[in-house]
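Fold and geometry: a report
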Amino acid sequence: MYAQMVKSESTDESAEAIAFQARIDAGEKIEPKDWMPAGYRKTLIRQMGQHAHSEIVGQLPEGNWITRAPTLERKAILLAKVQDEAGHGLYLYCGAETLGVTRDELTEMLLDGRMKYSSIFNYPTLTWADMGAVGWLVDGAAIMNQVPLQRTSYGPYARAMVRICKEESFHQRQGYDIMMKMANGTPAQKKMAQDALNRLWFPSLMMFGPSDAESTHSEQSMKWKIKMNTNDELRQKFVDQTVPQAEYLGLTVPDKTLKWNDEKGGYDFAEPNWDEFFEVLKGNGPCNTERLAARNKAWDDGKWVRDGMMAHAEKRKIRKVAAE
Amino acid sequence: MSSPNSAYPETPATQTKAKRQEWPLWEVFIRGQHGMSHRHVGSLHAPDEEMAIKNARDVYTRRNEGVSIWVVEARHIAASSPSEKGPLYEPSESKVYRHPTFFDIPDEVGAM
Ligand SMILES: [Fe+2]
Ligand SMILES: [Fe+2]
Ligand SMILES: [Fe+2]
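Here's what I pulled together on the structure shown here.

Conventions we followed
Residues numbered from 1 in each chain as written. Chains lettered and ligands numbered in written order. Predicted model: local features only at pLDDT ≥ 70, side-chain atom pairs only at ≥ 80, totals over all residues. Heavy atoms only, no water. Helix = DSSP H or I, 4+ residues; strand = E, 2+ residues; numbered from the N terminus. Expected span 1.5 Å × (residues − 1). Bend = angle between axes of the 7 residues up to and from the residue. Donors = N, O, S within 2.8 Å, 3.2 Å for Na, K, Ca; no water. Tetrahedral: all angles 85-135°; square planar, octahedral: opposite > 155°, others 65-115°. Core = buried A, V, L, I, M, F, W, Y, C linked by side-chain atoms within 4.5 Å. Buried < 20%, exposed > 50% of the residue type's maximum accessible area, 1.4 Å probe, protein only. Contact = heavy atoms within 4.5 Å. Buried area = accessible area lost by both parts, 1.4 Å probe. Salt bridge = Lys/Arg side-chain N within 4 Å of Asp/Glu carboxyl O. Polar contact = N/O pair within 3.5 Å; in protein donor to acceptor, adjacent residues only side chain to side chain. Nonpolar A, V, L, I, M, F, W, Y, C, P; charged D, E, K, R; others polar. Pairing = 2+ DSSP bridges. Axes fitted to C-alpha atoms, helices over the stretch in contact; angles between N-to-C directions. Parallel < 35°, antiparallel > 145°, perpendicular 65-115°, else oblique. Left-handed = near helix turned anticlockwise from the far one by under 90°. Patch = residues over 30% accessible without salt bridge, like charges linked within 9 Å, V, L, I, M, F, W, Y side chains within 5 Å. Areas by Shrake-Rupley, 256 points an atom, 1.4 Å probe, with all protein chains shown as cover.

Spanning 29 residues, helix H7 (residues 155-183) of chain A covers 42 Å between terminal C-alpha atoms, matching the ideal 42 Å at 1.5 Å per step. A bend of about 30° at A:Glu167 is the largest found in H7(A).

In structure tokens:
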């Protein structure tokens with residue numbers, strides 16, 4: 001997902017930890033100043049940080065098309081969508097900061113590769129149809145994961161998710177709207193739409209992460225209610241929801257094994273190539289280098305602005321004190 | 001920097017060099033069109049109050065969520081401590097008669 005393969009710390013057996021778990025089991029929200037196991041804090045910083053980084057880096061593949069949107073209206077919509085993603089990153093960073101990590105530390109960990117962001121944003125967006133497919137599939141997959149996270153145990157995280165979820169449905173619908181236009185357009189446009197689906201289908205399935213059936217990390221995170229469903233559950237839900245939408249568009253999901261399974265009441269489908277997934281996580285995806293370089297450049301180029309505005313604010317403060 | 005009663009925990013991480021260079025943290029409160037009072041919506045970083053309000057406009061009111069914004073630097077907020085929860089709220093727990101339902105008023109009396 002936006003937070004993939006987040007390593008979970010283990011908990012301890014202290015009386016405090018047991019009382020803490022009881023609060024979570026009772027459905028109470030944990031707030032910043034409440035006692036929490038060090039592992040819970042650490043795991044959450046990792047997960048919320050990775051989630052925030054994904055929102056921020058996720059602006060790049062879409063920002064790529066803002067200047068080339070086919071109409072002024074599409075351009076304004078895409079701009080608003082990308083601006084929302086910046087907002088999502090900011091809600092999540094400020095949530096993570098309540099755990100005692102600073103914004104700059106989080107940023108630095110992204111920039112030097114110590115922290116990850118979602119694998120999906122290391123794929124290129126080659127045509128305008130990709131803007132449709134990203135909104136439809138990538139935001140669609142994100143919604144699958146984010147809706148249950150509105151009930152996560154950590155208060156600031158849950159509240160950030162509520163805000164984010166309110167905005168995500170616009171993202172997915174504007175994407176699907178682009179897909180409808182393209183799929184019902186000229187044969188060349190329909191081909192572009194199909195091509196976008198072909199390229200983004202499996203990377204979207206990878207967003208949920210590999211099967212976590214036997215992962216102890218997920219088990220602990222689920223106990224702490226910072227992970228609400230297994231990766232396989234969410235992936236299945238996503239496929240079941242998305243396949244009929246592809247059919248409506250008259251497009252073909254690029255999976256020959258895809259078949260409705262009456263017994264389980266869901267589709268059988270092919271797993272993505274997990275070797276490819278691990279390569280992308282390691283930094284060897286098609287756009288890893290480009291994405292990190294873009295974030296580093298933005299950070300470095302913005303330094304004089306950050307410093308200049310702080311200096312100006314301090315100067316004003318001194319002048320104000322002198323005038324009083 | 002912040003007192004032990006600030007809204008957030010003070011951990012070693014918050015005292016490192018990164019904090020020094022950062023724009024201060026502001027808490028944002030918004031009152032909606034039909035809202036009765038300002039509500040806390042989140043926080044953001046900004047060099048001063050003017051920029052904090054402008055940033056709050058962009059981050060927290062992209063869909064007409066508000067008609068009024070308050071910002072306050074996070075370090076100026078004092079918060080009650082969760083460990084005092086018991087003693088702090090105990091006085092109100094023992095005074096059930098503060099609630100109107102404590103009193104049985106006969107139906108014949110009518111609305112009251
Ligand atoms: Fe988002
Ligand atoms: Fe997103
Ligand atoms: Fe989104």
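Residue and element names in this part refer to chain A. Within the first shell, the iron ion (ligand 1) binds the protein through Glu55 (OE), Glu85 (OE), His88 (ND1) and Glu168 (OE), at distances of 2.1 to 2.5 Å. Classification of the site at the iron ion (ligand 1) rests on its 4 donor atoms, whose angles at the metal span 79 to 148°, yielding the label irregular. If you list the donors of the iron ion (ligand 1) from N- to C-terminus, the spacing comes out as E-x29-E-x2-H-x79-E.

By size, the foremost hydrophobic cluster in this structure holds 85 residues, and its most contacted members are A:Tyr40, A:Tyr154 and B:Leu44. Residue contacts for A:Tyr154: discarding those within four places in its chain leaves A:Ile30, A:Glu31, A:Pro32, A:Met36, A:Tyr40, A:Leu44, A:Met48, A:Gly95, A:Thr98 and A:Leu99. Within the second largest apolar cluster, 6 residues are counted, among which are A:Met206, A:Phe277, A:Val280 and A:Leu281.

This part is about the interface of chain B and chain A. Counting residues at the interface gives 37 residues for chain B, matched by 30 residues for chain A. When the two sides are added together, the surface that chain B and chain A hide from each other amounts to roughly 2,700 Å², 52% of it contributed by carbon and sulfur. The tally of links from chain B across to chain A stands at 7 salt bridges. The partner of B:Asp48 in a salt bridge is A:Arg316, with the nearest N and O atoms 3.0 Å apart. Along the contact surface separating chain B from chain A lie 14 residue pairs in polar contact (both at pLDDT 80 or more). Put simply, the parts of the chain that give the side of chain B that touches chain A at least two residues each are helix H1 (17-21), strand S2 (39-45) and helix H2 (49-60) of chain B. By residue number, the principal contributor to the side of chain B that touches chain A is H2(B), which donates 5 residues. Residue composition of the side of chain B that touches chain A, by class: 16 nonpolar, 11 polar and 10 charged.

The next point concerns the sheet that holds strand S1 (residues 25-31) of chain B. All names here are of chain B. What the 3 strands build is an open sheet, ordered S2-S1-S3; its pairing is antiparallel. Unpaired on one side and paired on the other, S2 and strand S3 (68-73) mark the two borders of the sheet. Strand-to-strand twist across the sheet, computed as the mean angle between neighbouring axes with direction ignored, equals 30°. Where S1 and S3 come together, 6 bridges link them in antiparallel fashion. The partner of Phe29 across the bridge, within S3, is Trp70. Lying on the sheet, H2 is in contact with S1, S2 and S3; it crosses S2 at an angle near 115°.

What follows covers the packing of helix H2 (residues 38-57) of chain A against helix H5 (residues 103-111) of chain A. All names here are of chain A. Their axes nearest at 11 Å, the elements H2 and H5 cross at an angle of 70°. In terms of orientation, H2 lies roughly perpendicular with respect to H5. In the packing of H2 onto H5, the handedness of the crossing is right-handed. Here Ile45, Gly49, His53 and Val57 of H2 lie close against H5, whose contacting residues are Leu106, Thr107 and Leu110.

Right, let's get into a nonpolar patch on the surface. Residues and elements named next belong to chain B. Taken together, the side chains of Val96, Tyr97, Phe102, Phe103, Ile105, Val109 and Met112 define a hydrophobic patch exposed on the protein surface, amounting to about 760 Å² of accessible area. Structurally, Val109 can be placed in the segment after helix H3 (85-93). Residue Val109 is classed as partly exposed on the basis of its relative accessible area, which comes to 44%.

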